[in-house]
Amino acid sequence: VQLQASGGGLVQAGGSLRLSCAASGRISSIKVMGWYRQDPGKGPELVASIDSSGSTNYADSAKGRFTISRDNARNSVNLQMNNLKPEDTAVYYCHVDHWGYGDYGTDYWGQGTLVTVSS
């Protein structure tokens, strides 16, 4: 399973960005798709996730500003980020868990996309 993320960039505080991630390869079943972010010197933190039924989970910092969505047919996940703040600056990673073809909830990660929010 390969993940290709896109959509990061530089934006002013209060602006919006949309991150996209598409999974490809030999895919059987993906239960959870999500986005994590990581600041230098810190561990990754969950921003938002969505399961195959559409149930979502957001970090407190993302609630009310970010919206996660997925397209099961295309094995893709998007993160719409509105009202961005400088503290949202980080590298964002797409994540999925894959089941099947020898995987049992195996974690896969995208390459990371940098989001920079200027004040």
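What counts, and where the lines are drawn
- Once a new chain begins, its residue numbering starts again from 1 and follows that chain's sequence as written.
- Two thresholds apply to this predicted model, a pLDDT of at least 70 for residue-level local features and 80 or more for giving and counting side-chain atom pairs, whereas whole-chain, interface and lining totals are computed over all residues.
- In computing side-chain values, all of the structure's heavy atoms are included and hydrogens and water are not.
- What is meant by a nonpolar core is a set of buried Ala, Val, Leu, Ile, Met, Phe, Trp, Tyr and Cys residues, joined one to another through side-chain atoms within 4.5 Å.
- Throughout, exposure labels follow a simple rule: accessible area from a 1.4 Å probe, protein chains only, divided by the maximum for the residue type, with under 20% read as buried, over 50% as exposed, and the rest as partly exposed.
- Strands are runs of DSSP state E lasting at least two residues, helices are runs of H or I lasting at least four, and both sets are numbered from the N terminus onward.
- Contacts are assigned to residue pairs that have any heavy atoms within 4.5 Å of one another.
- Two strands make a pair as long as DSSP finds a minimum of two bridges between them.
- Simply put, an axis is a line fit to the C-alpha atoms, just over the touching stretch for a helix, and the angle between two N-to-C directions goes from 0 to 180 degrees.
- Side-chain rings of Phe, Tyr and Trp (the six-membered ring for Trp) are treated as a pair once their centres are within 6.5 Å; stacked means planes under 30 degrees apart, edge-to-face means over 60, and tilted covers the remaining angles.
- Put simply, a charge is over a ring when the Lys NZ or the Arg CZ is close to the ring centre, within 6 Å, and near the line of the ring normal, within 35 degrees.
- By the criterion applied in these results, polar contacts are pairs of N or O atoms within 3.5 Å in which, for protein atoms, one can donate a hydrogen and the other can accept it, and in which residues neighboring in sequence qualify only through two side-chain atoms.

### Section: the nonpolar core
Part 1 of the reasoning: Counting 28 residues, the largest nonpolar core has W35, L79, M81 and Y92 as its most contacted members.
Part 2 of the reasoning: Where this core is concerned, the elements lending two or more residues are β1 (2-6), β3 (17-24), β4 (29-38), β5 (45-51), β7 (66-71), β8 (76-81), β9 (90-100) and β11 (113-118).
Part 3 of the reasoning: Residues in contact with L79, not counting those within four places in the same chain, are L17, R18, L19, W35, V47, A48, F66, T67, I68 and Y92.

### Quick notes on unusual backbone geometry
Part 1 of the reasoning: A positive phi angle, close to 50°, is found at N75, a residue other than glycine.
Part 2 of the reasoning: Within the secondary structure layout, N75 lies in the loop between β7 and β8.
Part 3 of the reasoning: Phi is positive for N83, which is not a glycine, with a value near 50°.
Part 4 of the reasoning: Structurally, N83 is set in the loop between β8 and β9.

### Let's talk about the sheet that holds β3
Part 1 of the reasoning: Spatial strand order, β1-β3-β8-β7: four strands in an open sheet with antiparallel pairing. On the outer flanks of this sheet lie β1 and β7, each paired with one strand and no other. Across this sheet, the average inter-strand angle for adjacent strands is 15°, counted without regard to direction.
Part 2 of the reasoning: The pairing of β7 with β8 spans six bridges and is antiparallel. The residue of β8 that forms the bridge with D71 is S76.

### Side note on the packing of aromatic side chains
Part 1 of the reasoning: Tallying each qualifying case throughout the model produces one aromatic pair.
Part 2 of the reasoning: Aromatic pair Y36 and W109: ring centres 5.0 Å apart, planes at 65°, arrangement edge-to-face. Placement of Y36 in strand β4 and of W109 in strand β10 (residues 103-109) is noted, with a sequence separation of 73 residues between them.
Part 3 of the reasoning: Classification of W109 as partly exposed rests on a relative accessible area of 42%.
Part 4 of the reasoning: Its guanidinium or amino end placed over the ring of Y101, R26 lies 3.9 Å from that ring's centre, counting from NZ or CZ.
Part 5 of the reasoning: Sitting above the plane of the W99 ring, K31 keeps its charged end 4.1 Å from the centroid.

### Considerations on the pairing of β10
Part 1 of the reasoning: Pairing of β9 with β10, which is carried by six bridges, proceeds in the antiparallel orientation. Its bridge partner lying in β10, V96 is registered against Y108.
Part 2 of the reasoning: Between β9 and β10, which pair antiparallel one after the other, the connecting turn spans two residues, and Y101 there sits at a positive phi close to 55°.

### Regarding the environment of N78
Part 1 of the reasoning: Within the secondary structure layout, N78 lies in strand β8.
Part 2 of the reasoning: On a C-alpha basis, the gap between N78 and Y101 in space is 25 Å, while along the polypeptide they are 23 residues apart.
Part 3 of the reasoning: Those residues within four positions of N78 in sequence are excluded, and the remaining contacts are R18, L19, S20, C21, W35, T67, I68 and S69.
Part 4 of the reasoning: A polar atom in the side chain of N78 sits 2.8 Å from the side chain of S20.

### Let's talk about the side chain of D103
Part 1 of the reasoning: Turning to its location among the elements, D103 is positioned in strand β10.
Part 2 of the reasoning: Reaching out from D103, the side chain makes a polar contact with the side chain of Y108 at a distance of 2.7 Å.
Part 3 of the reasoning: Once residues within four sequence positions are removed from consideration, D103 is found in contact with H98 and Y108.

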